[in-house]
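# Examination of the molecular architecture
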Amino acid sequence: MNIRDLEYLVALSEHQHFRKAAEACFVSQPTLSGQIRKLEDELGVVLLERTSRKVLFTDAGMQLVRQAQKILMEVKVLEEMASQQGEEMAGPLHIGFIPTVGPYLLPHIVPALKEAFPELELFLHEAQTHQLVQQLEEGKLDCIILASVKETEHFKEIPLYLEPMLLALPEGHKWSKAETVPMDDLRGETLLMLADGHCLRDQAMGFCFAAGAKEDSRFRATSLETLRNMVAAETGITLLPKLSVPESMQRDGVVYVKAVDPEPQRLITLDYRPGSPLRARYEKLAKVIADAMGKVCNPIG
């Protein structure tokens, strides 16, 4: 038995499909299948039921999967400890971003990170919050950058910046010429929202509900760009994070107006596993990001 065999086993449990698991491990399907069978022979237990086309784990198989996940996590910690012996800000670093942050944040920070840490090899991954949380827990990601939510409370969080949310309005809307709109003015209004699974949905709804606004239940967007297009089509109004808003504050039939009293905003953080020995690396990374974003969004403190 070796570490690679455990990786095959865990991949198979995650994908529930031999071909997909093999592709994820960058090996052929016969190789992965053969190693799983070899592992069964070595341990003297049946890990899989092979009576159907679906991948079904036996009780013994599921127990081994859970133990393998723990072992692979410990291996990840050992690798992180070993990386401290060389250049601290060198080598691969896998960072996850949520869809409402990544596309708008990366143009601001990637040049700064490359300049500050030229030996750091960045791998960037985009997924929804619950997926990033799982991937960080499993050691597939080194750290994640997202809006602070309850699901991330068990991680170590480094605050980066506060991102305001602006009202996105059709050009002909009654507030389109206003400099600011008090949140109390949203009382009785109906706003377009993202679909379930986006943390921005819950954050925006929290501010809207507090102001007495409600959600348009007839439509839920899958992305910020869909929301923006729906506003341009005069279907409704919404709140969008500042980084997604053009500097001109008006484009393609949409006008952006600052909301105040209170200003709706979300806290963006860099999160990592509490047991990681690379705290100093993440703190250096966070400082460069916070410095780069201090001129664009609201700084912390």
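If you're wondering where the values come from, they're calculated on a predicted model, not measured in any experiment. (Residues numbered from 1 in each chain as written. Predicted model: local features only at pLDDT ≥ 70, side-chain atom pairs only at ≥ 80, totals over all residues. Heavy atoms only, no water.)

Moving on, we come to the pattern of salt bridges. Applying the stated rule across the entire model yields 14 salt bridges. Salt-bridge contacts for E23 lead to R19; the nearest nitrogen and oxygen are separated by 3.1 Å. One end of the pair is E23 and the other is R19, both in helix 2 (residues 18-24) and 4 residues apart, which spans about a single turn. Using a relative accessible area of 48% as the deciding quantity, one classes E23 as partly exposed. Close ionic contact of D196 with R220 constitutes a salt bridge, the shortest N to O distance being 3.3 Å. Linking D196 in the loop between strand 8 (190-194) and helix 7 (199-211) with R220 in strand 9 (residues 214-221), this pair joins segments that are 24 residues apart in sequence. The exposure class assigned to D196 is exposed, which follows from its relative accessible area of 54%. Here the salt bridges share partners, and the residues they tie into one network are D196, R201, E215 and R220. (Salt bridge = Lys/Arg side-chain N within 4 Å of Asp/Glu carboxyl O. Helix = DSSP H or I, 4+ residues; strand = E, 2+ residues; numbered from the N terminus. Buried < 20%, exposed > 50% of the residue type's maximum accessible area, 1.4 Å probe, protein only.)

Before going further, it helps to examine the packing of aromatic side chains. This model, assessed by the stated rule, comprises 1 aromatic pair. Ring geometry for Y272 versus Y282: centroids 4.8 Å apart, planes at 35°, classification tilted. With Y272 in strand 13 (residues 265-272) and Y282 in helix 9 (residues 279-293), this pair connects stretches of sequence that are 10 residues apart. As far as the burial class goes, Y272 and Y282 line up, both buried. (Phe/Tyr/Trp six-rings, centres within 6.5 Å; stacked < 30°, edge-to-face > 60°.)

Glancing now at helix 6 (residues 129-137). Here helix 6 has its buried residues at T129, L132, V133 and L136. Across the axial projection of helix 6, the buried residues extend over an arc of 100°, all falling on one side. Phi for G139, located one or two positions after helix 6, is positive at around 85°. (Arc of directions from axis to C-beta.)

Partitioning the chain into domains gives domain 1 (3-82), domain 2 (91-161 + 267-299) and domain 3 (162-265). Inter-centroid distance (C-alpha atoms) of domain 2 to domain 3 is 26 Å. Domain 2 puts 18 residues into the contact, and the matching count from domain 3 is 19 residues. By the criterion of area lost to domain 3, the three top residues of domain 2 are T100, Y104 and N298, representing 42% of everything that side buries. Here domain 2 and domain 3 share 0 salt bridges between them. Those elements giving two or more residues to the side of domain 2 that touches domain 3 turn out to be helix 5 (102-116) and strand 13. (Domains from an automatic or database assignment. Contact = heavy atoms within 4.5 Å. Buried area = accessible area lost by both parts, 1.4 Å probe.)

Most of strand 8 is tucked away: 4 of the 5 residues are buried. As paired strands, strand 8 and strand 9 are joined by 4 bridges and run parallel to one another. Counted as the bridge partner of L194 is A221 from strand 9. Following the backbone out of strand 8, through helix 7 and into the adjacent parallel strand 9, one traces a crossover that is right-handed. (Pairing = 2+ DSSP bridges. Right-handed = clockwise from strand over helix to strand, strands pointing away.)

A cluster of nonpolar side chains, contributed by M1, L43 and V45, occupies part of the molecular surface with about 230 Å² of accessible area. Here M1 shows up in the segment before helix 1 (3-15). (Patch = residues over 30% accessible without salt bridge, like charges linked within 9 Å, V, L, I, M, F, W, Y side chains within 5 Å. Areas by Shrake-Rupley, 256 points an atom, 1.4 Å probe, with all protein chains shown as cover.)

Counting buried positions along strand 6 (residues 156-170) gives 11 out of 15 residues, so the element sits mostly inside the fold. Relative to strand 13, strand 6 is paired through 8 bridges, and the arrangement is antiparallel. Bridged to E163 within strand 13 is R266.

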